[in-house]
Amino acid sequence: LPVQVMAVGQSSLGTASDTGWLATATIFLKSGIHHLLIGWDHLLFLFVLLIPAVYTRRQKQLVAVSDPRSALVEVFWIATSFTLAHSITLTLAALDIVSIPAAFIESVIALSIAFAALNNLVPMLRVRAIYLAFVFGLIHGFGFANVLVDLPLATSERVLALLSFNIGIELGQLLFILVVFPIALLLRHTQFYKIAIFYLGSLISVVIALWWFAERAF
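Quick summary incoming for the structure in this document. (Residues numbered from 1 in each chain as written. Predicted model: local features only at pLDDT ≥ 70, side-chain atom pairs only at ≥ 80, totals over all residues. Heavy atoms only, no water.)

### Let's talk about the pairing of strand S2 (residues 61-64)
Here S2 shows a clear split, with Leu 62 and Ala 64 buried on one side and none of Gln 61 and Val 63 buried on the other. With four bridges connecting them, strand S1 (residues 55-58) and S2 associate as antiparallel partners. The partner of Tyr 55 across the bridge, within S2, is Ala 64. Between the end of S1 and the start of S2, which pair antiparallel, lie two residues, with Gln 59 showing a positive phi angle near 50°. (Buried < 20%, exposed > 50% of the residue type's maximum accessible area, 1.4 Å probe, protein only. Helix = DSSP H or I, 4+ residues; strand = E, 2+ residues; numbered from the N terminus. Pairing = 2+ DSSP bridges.)

Here you go:
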């Protein structure tokens, strides 16, 4: 996935240099949106964090929230926490302040998905999803940065590209939430949502994430 988005940035790099900063910003804004929406691992991570947002746990039982506003607030904080975390590490990596091998990061991203999904099924950490979003968002930020670190950009261009790319990621993330969250809210009282989307969706996410980990690590 990073290679595809890098190709977008690199193929347009000459145009960006010729036409100025606005073109550079536009190119990397689109690349950020593109990278998030084709980044199945990042989308799956957001999915496993979002699907419990319409529930509360009472005596180990899942209970659909009665007030949609409480679920909306939870999703807002999940998105904000994830954004803050990956923005920190994306910036550190893209500016060459911190460097971690891409293969290691991609493997840990897969494990983060598996853990978050498994935590839906068997709560191992009695913490809110916003804390998981922040901790694992730090790892995902390094994954986003893999798109930018090798691009031949001057420092000023790199900062602009970084900012535009990050905004693009947030727009892509918002689009995904606008699709998933209303469905979760609408179906939260149904057995279909609880069984097929929450339980089965989380289980399938664990399997997929562990498969990705095996591919990336070995």
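### A few points about unusual backbone geometry
Of note in this structure, Asp 96 is not a glycine but carries a positive phi near 60°. Mapped onto the elements of the fold, Asp 96 is located in the loop between helix H5 (68-94) and helix H6 (102-121).

### A short note on the pattern of salt bridges
Throughout the structure, instances matching the rule amount to three salt bridges. Two residues, Arg 216 and Asp 41, come together in a salt bridge whose shortest N-O distance is 3.2 Å. Placement of Arg 216 in helix H9 (residues 191-217) and of Asp 41 in helix H4 (residues 40-50) is noted, with a sequence separation of 175 residues between them. The class for Asp 41 is buried, based on a relative accessible area of 4%. The salt bridge involving Asp 67 is made with Arg 69; its shortest N-O contact spans 3.3 Å. (Salt bridge = Lys/Arg side-chain N within 4 Å of Asp/Glu carboxyl O.)

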